[in-house]
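Residue strings, one per chain:
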Amino acid sequence: MIKEYYTKYEHTPNFETLEQITKSELQQELASKIVIDTLGKIKEVGVEGGSFVQEKAMKFCKQQELQKAISKAQKVIDGGEFENYEQLETLVREALQVGEREDGMADVFANLDEVLNEDYRHPIPMGIPGIDRLLKGGLARGEIGVILAPTGVGKSTFLTKIANHSYNLGNNVLQIFFEDNPKIIQRKHITLWTKVHPDELTIKKDEVMTKVQEIKESMPNRLILKKLPSDTVTMLQIKNQIRKMIADGIKIDMVLLDYIDCVVPDKNLGDEWKSEGSVMRGFEAMCHELNLVGWTATQGNRSSISSEVVTTDQMGGSIKKAQVGHVIISVAKSLQQKEMKLATIAITKSRIGDDGVVFENCKLIQKVR
């Protein structure tokens, strides 16, 4: 009765309300009397030992939820539903987390020493000083940034620059991409390390190999490149792969998705825009849960192709992608800028610092062919 009342009215009934519900729901006088007498005893009982009762009750609830989860998992296995195997871990984890949901509440006076610390966010810089300064040092763990640009402007180059700089600072970085050839991404990183023009990497192979080997031997951390199939991978699958890396002893500090539009929703919501929004929220939730800095990219719409400055309303697909992101940085190139290898970069949204800031004629590294 308490559960049904809570479901309907979204709060628990008091004892008087429960007595009235009992009288109306239980027609047998003896049964009604037993319940009302029990309610009276509960009402009068002292609070001593309440923690013990709560602990035992919670363990019982977890056990029941775990049995339900195992039953559902067994049906998936018995039915040979291979495409749903990624859901098994979620079923069991959610069952074990019953009663341990974080409510997000904190006392305003809690952890004042940490709150007032100058570096309370511990951000990871992008490696672009002007933007890092406006972002108070970069993105912190649990925050996500979005690179917005029309096709062919340099989203992969931008994300590679961020990944490379983070690795150089000693972080473990996972760079996931869906459309590029892994060798192309490797060459972008090599160009950043050696400053050798992409077209000259092969000509100066010995020099490049020596420099790259020095970097490899001096850095104990990892920069992992991972190509995944486009339009078949869910955020849950990505999270499970990162969990496996953590279990194998590789604590990922930053993850980059190139790009978010290639990730499919965990569930079919029947609406493309809702699905895109759910993927973006899944990315944010993953970064928060696994304590990661997250960067991704998304395509601009048709009007963004000819824009001197790409704005948030020119983001392709669901506006949810813009709403969820902590920071949105757009990249635009006119034909003249493309010829001169320049771009216009703008901070169109920032929950961290100033936005609406435009940097004209920024130089990007050369594209790797």
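A few points on the structure.

Quick notes on the rules
Residues numbered from 1 in each chain as written. Predicted model: local features only at pLDDT ≥ 70, side-chain atom pairs only at ≥ 80, totals over all residues. Heavy atoms only, no water. Helix = DSSP H or I, 4+ residues; strand = E, 2+ residues; numbered from the N terminus. Rg over C-alpha atoms; globule rule 2.2 N^0.38 Å. Buried < 20%, exposed > 50% of the residue type's maximum accessible area, 1.4 Å probe, protein only. Contact = heavy atoms within 4.5 Å. Areas by Shrake-Rupley, 256 points an atom, 1.4 Å probe, with all protein chains shown as cover. Core = buried A, V, L, I, M, F, W, Y, C linked by side-chain atoms within 4.5 Å. Pairing = 2+ DSSP bridges. Axes fitted to C-alpha atoms, helices over the stretch in contact; angles between N-to-C directions. Patch = residues over 30% accessible without salt bridge, like charges linked within 9 Å, V, L, I, M, F, W, Y side chains within 5 Å. Salt bridge = Lys/Arg side-chain N within 4 Å of Asp/Glu carboxyl O. Parallel < 35°, antiparallel > 145°, perpendicular 65-115°, else oblique. Left-handed = near helix turned anticlockwise from the far one by under 90°. Nonpolar A, V, L, I, M, F, W, Y, C, P; charged D, E, K, R; others polar.

### Observations regarding the overall build of the protein
Move 1: If you tally the helices and strands in the protein, you get 14 helices and eight strands.
Move 2: Radius of gyration (C-alpha) of the protein: 27 Å, far over the 21 Å computed for a compact globule of 369 residues.
Move 3: Dimensions along the principal axes, computed over C-alpha positions, put the protein at roughly 95 × 45 × 45 Å.
Move 4: Here the protein, with 369 residues, has 39% of them falling under the buried criterion.
Move 5: In the protein, 66% of the contacts between residues at least 6 apart in sequence involve partners at least 24 apart.
Move 6: Accessible surface, the protein as shown: approximately 22,100 Å² in total, 53% of it carbon and sulfur.

### Section: the nonpolar core
Move 1: In terms of nonpolar packing, the biggest core is built from 65 residues, with Ile-238, Met-286 and Trp-295 touching the most fellow members.
Move 2: Looking at this core, the element that brings in the most residues is helix α12 (residues 272–290), giving six residues.
Move 3: Those residues in contact with Met-286 that lie beyond four places of it in its chain are Met-235, Ile-238, Lys-239, Ile-242, Val-255, Asn-291 and Leu-292.

### Looking at the sheet that holds strand β5 (residues 293–299)
Move 1: Pairing within the open sheet is mixed, and its eight strands lie in the order β3-β2-β4-β5-β1-β6-β7-β8. Edge strands, defined here as strands with exactly one partner in the open sheet, are β3 (223–227) and β8 (357–363). Put simply, the sheet's adjacent strands are angled 20 degrees from each other on average, direction ignored.
Move 2: Note: strand β1 (residues 144–149) against strand β6 (residues 327–332), four bridges, orientation parallel. Residue pairing for β6: Val-146 is matched across the bridge by Ile-328.
Move 3: Against the sheet, helix α8 (residues 155–168) engages β1, β2 (173–177), β3, β4 (254–258), β5, β6 and β7 (342–350), with an angle of about 165 degrees to β4.

### Some points on a nonpolar patch on the surface
Move 1: Together, Val-108, Phe-109, Leu-112 and Leu-116 line one region of the surface with nonpolar side chains, adding up to about 490 Å² of accessible area.
Move 2: Looking at the element boundaries, Phe-109 is found in the loop between α5 (86–96) and α6 (112–115).
Move 3: On the basis of relative accessibility, which here comes to 64%, the residue Phe-109 falls in the exposed class.

### Brief notes about the packing of α8 against helix α9 (residues 182–194)
Move 1: Their axes nearest at 10 Å, the elements α8 and α9 cross at an angle of 60 degrees. Taken together, the axis directions place α8 and α9 in an arrangement best described as oblique. The interaxial crossing formed by α8 with α9 has right-handed handedness. For the pair α8 and α9, the contacting residues are Ser-156, Thr-157, Thr-160, Lys-161, Ala-163, Asn-164, Tyr-167 and Asn-168 in the first and Ile-185, Lys-188, His-189, Leu-192 and Trp-193 in the second.
Move 2: When the residues that make up the contact of α8 with α9 are grouped by side-chain class, the tally is five nonpolar, six polar and two charged.

### Quick look at the environment of Phe-359
Move 1: Residue position: Phe-359 is located in strand β8.
Move 2: A relative accessible area of 24% means that Phe-359 is categorised as partly exposed.
Move 3: Ignoring anything within four residues of it in the chain, the contact list for Phe-359 reads Gly-130, Ile-131, Leu-134, Ala-343, Thr-344, Ile-345 and Ile-347.

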